[in-house]
Each structure stands twice: as structure tokens, then as C-alpha cells.
Amino acid sequence: MEDFDFVNLLYQVALYLGVAGFLMFIFSFLSGLRIIKTKPKLRLHKRIGIIGFLVVSIHALTMMYFYFLS
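Worth saying up front: this structure is predicted, and the values here are computed from it rather than measured.

Procedures and definitions
- Residues numbered from 1 in each chain as written.
- Predicted model: local features only at pLDDT ≥ 70, side-chain atom pairs only at ≥ 80, totals over all residues.
- Heavy atoms only, no water.
- Helix = DSSP H or I, 4+ residues; strand = E, 2+ residues; numbered from the N terminus.
- Rg over C-alpha atoms; globule rule 2.2 N^0.38 Å.
- Buried < 20%, exposed > 50% of the residue type's maximum accessible area, 1.4 Å probe, protein only.
- Contact = heavy atoms within 4.5 Å.
- Areas by Shrake-Rupley, 256 points an atom, 1.4 Å probe, with all protein chains shown as cover.
- Axes fitted to C-alpha atoms, helices over the stretch in contact; angles between N-to-C directions.
- Parallel < 35°, antiparallel > 145°, perpendicular 65-115°, else oblique.
- Left-handed = near helix turned anticlockwise from the far one by under 90°.
- Nonpolar A, V, L, I, M, F, W, Y, C, P; charged D, E, K, R; others polar.
- Phe/Tyr/Trp six-rings, centres within 6.5 Å; stacked < 30°, edge-to-face > 60°.

Draft legend 1. Geometry of the overall build of the protein chain. The number of helices and strands found in the protein chain is 2 helices and 0 strands. The globule rule puts the C-alpha radius of gyration for 70 residues at 11 Å, and the 16 Å found for the protein chain is more than 25% above it. Considering only C-alpha atoms, the protein chain reaches an extent of 50 × 30 × 15 Å along its principal axes. Burial status across the protein chain gives 19% buried among its 70 residues. Contacts spanning at least 24 positions in sequence make up 68% of the contacts within the protein chain whose residues lie at least 6 apart. Looking at the protein chain as shown, the accessible area adds up to about 5,900 Å², and 73% of this sits on carbon and sulfur atoms.

In C-alpha cells form, the structure reads like this:
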């Protein structure tokens, strides 16, 4: 049986966060341009853009850690 590897789990989560953040940015950009129509009162594209930025920031910091310090 293989031991639990926290570093490998962190690396895998960071990869998935990068993909999710990229998709959030694309949706935010397209809904901001009104290519994807949402209700203007919800301001959904701004909220998704902020969450996407946070997710991509976590991804970037994790990847920089693995690149420079591992």
C-alpha cells in the first residue's frame, strides 16, 4: 500500500485550480463583453472574475514554490 503524499496532492490540486481559474477568466471575459448573456443586475462576471483571479493566484504561488524551492 502506498503512503499518503501531501506534496503530490498539493501539486495535483494546484494543477486543477489553474484549469478552473482559466475557465473562470474566459467566462468572465465573455460575459463582460456580453457574448454570453447574463442578467446585468447580478454582475456575475465581476464575481467570477475576482474568484478566478484568486484561484489563479493560488495556482501561481504553488507552482512558483515547486519551481524555485523544490
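Draft legend 2. The packing of helix α1 (residues 6-32) against helix α2 (residues 44-69), seen in detail. Viewed as axis vectors pointing N to C, α1 and α2 meet at an angle of 150°, and their least axial separation amounts to 7 Å. Comparing the axis directions of α1 and α2 gives the class roughly antiparallel. Relative to α2, the crossing made by α1 is left-handed. By residue class, the composition of the contact of α1 with α2 is 19 nonpolar, 10 polar and no charged.

Draft legend 3. Main features of unusual backbone geometry. One non-glycine residue, R34, lies in the positive phi region at around 65°. By the secondary structure assignment, R34 is in the loop between α1 and α2. Exposure remark for R34: the relative accessible area of 36% places this residue in the partly exposed category.

Draft legend 4. Inspection of the packing of aromatic side chains at higher detail. Tallying each qualifying case throughout the model produces 3 aromatic pairs. Judged by centre distance (5.4 Å) and plane angle (70°), the rings of Y65 and F66 are edge-to-face. Taking the relative accessible area as the measure of exposure, F66 reaches 15% and is therefore buried. Centre to centre, the rings of Y67 and F68 are 4.9 Å apart; their planes meet at 80°, and the pair counts as edge-to-face. What makes Y67 exposed here is its relative accessible area of 65%. Put simply, the rings of Y11, Y65 and F66 pair up and form one aromatic cluster.

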